[in-house]
Structure formats: structure tokens, C-alpha cells
Amino acid sequence: MAKVFVTQHIGDAAVQRLRDAGHVVIYRDETVPMTPDELQTAVRSVDGLVCLLTDRVDTAVLDAAPQLKMVANVAVGYDNIDLGAATRRGILVSNTPDVLTETTADHAFALLLAIARRIPEADTFMRAGKYERFELFPPLLGLDVYGKTLGIVGMGRIGAAVAWRGALGFGMKILYTANSAKTAVEQELGAQKVSLPELLRQSDFVSINTPLTPETRHLFTLETLRQMKPTACLVNTARGPIVKEDDLLTALREGVIWGAALDVFEAEPKMTAGLAEYRERLVVAPHLGSATGETRRKMAETAVANLIAGLAGQKPPNALNPQVWRETSR
Ligand code: GLV
């Protein structure tokens, strides 16, 4: 029996599963994240932690939790957790890959289509009673998607799922960047691995699907955006700080690129000043990539299953630092 702290609302079923596994669960059933001080106090005597991407699990939190054995993040991205520090302290960390891949790729594609065909602008136009007549060249002319070139920055699971949609559903040519060649998408979709400048130069749509790391923070600045076609769109469903938002706003205002669709923001939940007011060729959503009821429930279940395994001395299926498990299970 271990003591588990759940930082925010994850649904009763997942919490019950933890209790059924025999754990004492302190469930903070709220949707507002704790302050760093509150989190440090809450983890003092716990063995396991279930957290969301809005909980920063840094060295201060890890140092405040001398009994902590495992952190289960209810997200695939884990830039909110200091993985190196956790590993050095012998604390297991897990995430929730796979269960959200297709849902997030659906959302990336929905945003791609929404920006290309100006759906939010069209909706606003219609509701404002501005549709007076059919015109061959209406004010809201969009962009073609079918047969265009889709550049995927970061060909991981989600990037590949976006590529499949583009290639098979929309006849798109797929370019990608990644640390290593991805044979499945190359063989099955004819995707080509290229350098980032080459991807930016050729792509009509650029989808960001890479994790946030020191290398990808501000990967998209004005200088990067200037390498894109003036007729191209940027879609970011990964992490906000990968794009320097000020620079993106400048790029949109100056017509450096045609449009952008953002699901994530540099200082979430805030948007850079001026971005919210900029309505033309910019689609924004409040970090909804994996947000279907089905998928969010699966994410909570996956996090809890990982924690139950880890606390029982088994290897968590989605351990990010399995070396900790190997060392402690010797
Ligand atoms: C969502 O952004 C996630 O990382 O799961």
C-alpha cells in the first residue's frame, strides 16, 4: 500500500482504479493547478504522484518529496518534469503515448483545414450577417490542400499519424525532419527526410509535431518563418514555446507567411499581446489536441496503470527512465 497524490481532476474511474489497487489516494479534484509552494507541500509524504502537464515537477518538488518513487504524467509530452533530476534521484517517470496519437493527429488536420479554408473567419462572417451574395472571388478565398506539400517537423508517432492523413486522404507530398530516418513513412507514404531549411522552402503546410526541448525552444523565429513560402501555413499542436509568438504575429502582419493555426501557446493559457485581436488567417484553440472524452479517459487510465505497475515493483509500460526500474529491481 502506497500513498498517492493526484494533483488535479482526472476522473473518478481512474482514481478508483488506484484505490482498488490498494493505495491511499489523496485526490485534489480540481481543475486549477497548484502553486509551486502548494505542490511542494502536497508531495511531502507521498510515494506516487499523478500530475498534468500544467504541474511543474522540478527539483524543488522532487527535493520536497523524500519518499517519492514514481511520477505518472497524464500527457505524452513531459517537458513539465525534470526527467534528469528524477532519474538521478531514482524516481520513475511515465507518460501516456499511443492512446492520444490519432486523436491529436485529427486535431492537427482539423486546424490545417480550418486555416486553409478560413473556417472560423467564415463562421464569424456568416453570423455577422455579412453574406449578401455568392461571388466567384469572395473575400474569404482559401488555399488548396489536396496534392500540396506537407512538412512535418518531428516525425514521431503523432507526426507520422498527421503524415498518413495528408498522404492518403489528401494526396499530399510529405517532407519531414527527425533525428533518424523513419522507414515506415518513407516506404509507405514516399515521405522524404530533409533539412529544416529545405522543408520550410518547399512546404505549403508545416506541422510542428516535435517535443519541447532546449533545441526546439524558439525553433520558429522570424528568421525561420522567412524561410517559408509567403503562401504557406504553420500548424502547431505540439508545445507553444517552439514558436516565438511575437515573431509569428509580425510574420502574419507583414505577410511573411499566409496563415497559422495554434493549439498551444508560449505562455499558456495566455496569448502574446495582439494575437487574440488578430483575426485574419489565424486559427487558435485552447490546447485541445487530445481532447475527446474517450482519449482523455484513456490517458488517465494509462497514467494510473503505469503508476500501479511502478509502485508494485513492475516495469511501467510507458516508463521514460526504465533504467531506474532496472536498478531498483535488482
Ligand atoms: C498534450 O499536449 C500532451 O502532451 O499529452
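Going by the structure above, here's the rest.
A brief report on the enclosed structure follows.

**Some thoughts on the sheet that holds strand E10 (residues 233–236)**
Then step 1. The strand order across the open sheet formed by 7 strands is E8-E7-E6-E9-E10-E11-E12, and the pairing between neighbours is parallel. The sheet terminates laterally at strand E8 (192–193) and strand E12 (282–284), the two strands that pair on one side only.
Then step 2. The sheet contact formed by E10 and strand E11 (residues 259–262) spans 4 bridges and is parallel. Across the sheet, residue Cys233 finds its bridge partner in E11, namely Gly259.
Then step 3. Across the face of the sheet, helix H7 (residues 157–170) comes into contact with strand E6 (149–153), strand E7 (173–177) and strand E9 (205–208) while running at roughly 175 degrees to E6.

**Focus on the site of the ligand**
Then step 1. Around the ligand, the neighbouring residues are Leu53, Ala75, Val76, Gly77, Leu100, Arg239, His287 and Met299.
Then step 2. Between the ligand and Arg239 there is a distance of 2.7 Å, counted from an oxygen atom to a side-chain nitrogen or oxygen.
Then step 3. In this structure, His287 approaches the ligand through a side-chain N or O atom, which is 2.7 Å from an oxygen atom.
Then step 4. Against a free-state accessible area of 190 Å², the protein chains account for coverage of 89% of the ligand.

**Describing a nonpolar patch on the surface**
Then step 1. Residues Met126, Tyr131, Phe134, Leu136, Phe137 and Leu141 make up a contiguous nonpolar surface patch of about 750 Å² in total accessible area.
Then step 2. Structurally, Tyr131 is set in the loop between helix H6 (119–127) and E6.

Cut-off values and rules
Residues numbered from 1 in each chain as written. Predicted model: local features only at pLDDT ≥ 70, side-chain atom pairs only at ≥ 80, totals over all residues. Heavy atoms only, no water. Pairing = 2+ DSSP bridges. Helix = DSSP H or I, 4+ residues; strand = E, 2+ residues; numbered from the N terminus. Contact = heavy atoms within 4.5 Å. Axes fitted to C-alpha atoms, helices over the stretch in contact; angles between N-to-C directions. Near = heavy atom within 4 Å. Polar contact = N/O pair within 3.5 Å; in protein donor to acceptor, adjacent residues only side chain to side chain. Areas by Shrake-Rupley, 256 points an atom, 1.4 Å probe, with all protein chains shown as cover. Patch = residues over 30% accessible without salt bridge, like charges linked within 9 Å, V, L, I, M, F, W, Y side chains within 5 Å. Salt bridge = Lys/Arg side-chain N within 4 Å of Asp/Glu carboxyl O.

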